[in-house]
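As a plain string of letters, each chain reads:
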Amino acid sequence: MTWLEEYGTAVLDGKIVACEKIKRIYEKLLNDLYHPGEYHFDEEIANRHIRFIETFCKQAQGKIGTPLQLELFQKARFQAAFGFVDDNDNRKYNEVLTIEGRKNGKTTECSAINIDMCANDHEGSPECYNIATAKDQANKGFEETHKMIRQSPLLRKHFRKRQGDLYFAHNMGIIKALASNTNSLDGLNSHCVIIDELAAIKNRDLYDLMKQSMSSRSQPLLFCITTNGFVRDGIFDAQYEYAQGVIDGTIKDERFLPFVYELDHRDEWDKEECWIKANPGLGTIKKLSFLRECVAKAKVDPSFKPTVMVKDFNLKENAAAAWLSYDQLNNEQTFDYKFRYCIGGMDAADSVDLNAAKAICMRPGDENLYIKQMYWIPEEVLRAKEASRRERDDAPYKLWVEQGYMRTCPGHKVDKRVFLDWFIELRDVEDVYPLYIGYDPWHIDDSLLRQFKDEFGERAMIPVRQGAPTLAQPMTDLKGDFKAHRVIYNNNPVDKMCLLNTYTTPPDRNGNVLPDKTDRKRRIDGTAALLDAYVVLQNKKDEYLTMI
């Protein structure tokens, strides 16, 4: 029995506790093993890589210099990644993504793969790269690889440390660290790309460039091991969703191999028998006592719990100090109801920030808040973003414009007339009449305010002062509605980004908090517009409910 069969059958038979995504991927792998098509399984090719790693790679941490002994789950993964080949012995998989909890041997595994791909993959002049957003981060993985080579007499004999790389003379191969701040990423001919901690990559351009750099190789490999992270809607989330689609069959990509170790449900986080779902090396590589201590601390320290949920169990969170946890704000419900009246809110930016408008709608006998929304961004901002490798705010604004979640305005600033036009559009096209509209008086001039009143009535516009007396209690109440999943916003990704970016200021002496984005690049305009509308809804709720 191969290691792939041994581990896969144990997972599917329940002898090894595993999450649903791991069960599904091993079900697929075993089916491919027993029913080969274009690609068949060659155990000798698969084991060549495992034998090399266990023979030549030595521990650079812990028991320094001892042979690296792979665990069953690692051997099964390597057999799957390297063993499926075509009739020319070229690999099926050119990208492997592993998501698992911290301290499960990720860095050691990445270093071993790096050396193996450079010295043992029968490739001429292989270029192998450790990549990260910043050079010092990329160098960490590179230095771990160098340490592993130094611990092995045979590897040390054949690898030479040069100024910018590790050189393997036998096939003229190199191992090198690269980052988005490297002078040039053009002209690369990558054979192997290693990413240790994808969640730390702050924009996807680096990933895309390195993926494209492998196009001329016959059997390249992009090998990534990562935990979850606190940054949402970035390359990690995109790859996670892609992996999920491959696993459930909604995405067809026979060259992409995902292993997603995670808890199936959030309430499993304090159930010790479930921890191995996110930590396949638990008890061997990762100490059970360490995880017990982390969970115990999280139970008494709420600020530490998000770290445990994200880094040990691969569950989504945004940050320990965030206004809402990801579980609280995430609501994938959608609606297509007809409404007659709404309460509006808007957040108008003075410069190049997002501009946001919201409309809260309710139904008789229904406590849910149904949110209609629109965002605007200057066209010049998008042009500037396209000219750079880095997306503004690490957000796919161009895609959101194409999908209709956002609109653009000519020039470098948004003409605030767009707010009036949108509320008129709600009234005249969707037949949803704004009874009241909340706004920050600092950002609306008298001329536009007059136009709003001409359209919707003298009493329609309600100023919402941006201070604790006005916002503190509504923030608490709105958080309660989110926790109860009563805020339904059609799973709008721009809304979700703004909510994820919203932090709170430290409580004042009365315990009041206010919205705080903590980072000028983090947009919370959608949250601000929603809060303006919510303040007005609370003050005018009785009148609104009688109208609907």
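Residues numbered from 1 in each chain as written. Predicted model: local features only at pLDDT ≥ 70, side-chain atom pairs only at ≥ 80, totals over all residues. Heavy atoms only, no water.

Caption draft 1: Focus on the overall build of the protein chain. Each helix and strand in the protein chain was counted, giving 19 helices and 19 strands. The C-alpha radius of gyration computed for the protein chain amounts to 27 Å, which stays within 12% of the reference 24 Å derived for 548 residues, consistent with globular compactness. C-alpha extents for the protein chain along the principal axes are approximately 85 × 50 × 50 Å. Residues classed as buried in the protein chain amount to 55% of the 548 residues present. For the protein chain, the accessible surface area stands at approximately 24100 Å², while carbon and sulfur atoms represent 47% of it. Measuring between centres, the 76 positive side-chain charges of the protein chain sit 5 Å from its 85 negative side-chain charges. (Helix = DSSP H or I, 4+ residues; strand = E, 2+ residues; numbered from the N terminus. Rg over C-alpha atoms; globule rule 2.2 N^0.38 Å. Buried < 20%, exposed > 50% of the residue type's maximum accessible area, 1.4 Å probe, protein only. Areas by Shrake-Rupley, 256 points an atom, 1.4 Å probe, with all protein chains shown as cover. Lys, Arg positive; Asp, Glu negative; His and termini not counted. Charge placed at Lys NZ, Arg CZ, Asp CG, Glu CD.)

Caption draft 2: Representation of the side chain of Arg48. As for its placement among the helices and strands, Arg48 is situated in helix 3 (residues 43-56). If we skip the residues at most four places from it in the chain, Arg48 touches Asn120, Asp121 and His122. (Contact = heavy atoms within 4.5 Å.)

Caption draft 3: Local environment of helix 9 (residues 235-248). Here helix 9 is 14 residues long and its end C-alpha atoms lie 20 Å apart, about the 20 Å a rise of 1.5 Å per residue gives. The set of residues buried in helix 9 consists of Ile235, Phe236, Asp237, Gln239, Tyr240, Ala243, Gly245, Val246 and Ile247. The secondary structure elements touched by the buried residues of helix 9 are helix 2 (20-34), strand 3 (95-99), helix 8 (205-212), strand 9 (221-226) and strand 10 (256-260). Once helix 9 finishes, Gly249 follows within two positions and takes phi at roughly 90°, a positive value. (Expected span 1.5 Å × (residues − 1).)

Caption draft 4: Local environment of the pairing of strand 12 (residues 355-363). Most of strand 12 is tucked away: eight of the nine residues are buried. Relative to strand 12, strand 11 (residues 341-347) is paired through five bridges, and the arrangement is antiparallel. Looking at strand 12, one finds that Asp347 is bridged to Ala356. Sheet analysis places strand 12 next to strand 13 (residues 366-378), joined by eight bridges and oriented antiparallel. Across the sheet, the residue bridging to Ala356 is Tyr375, located in strand 13. From the end of strand 12 to the start of strand 13, which pair antiparallel, there are two residues, and Gly365 there has a positive phi angle of about 70°. (Pairing = 2+ DSSP bridges.)

Caption draft 5: Quick look at the pattern of salt bridges. What the rule picks out here adds up to 39 salt bridges. Across the salt bridge formed by Lys286 and Asp312, the nearest N and O atoms sit 2.7 Å from each other. With a gap of 26 residues between them, Lys286 in the loop between strand 10 and helix 10 (288-300) and Asp312 in the loop between helix 11 (305-311) and helix 12 (326-329) connect regions that are remote in the sequence. The two residues Lys286 and Asp312 agree in class, both being buried. Put simply, Glu20, Lys23, Arg24 and Glu27 are held in one network by salt bridges that share partners. (Salt bridge = Lys/Arg side-chain N within 4 Å of Asp/Glu carboxyl O.)

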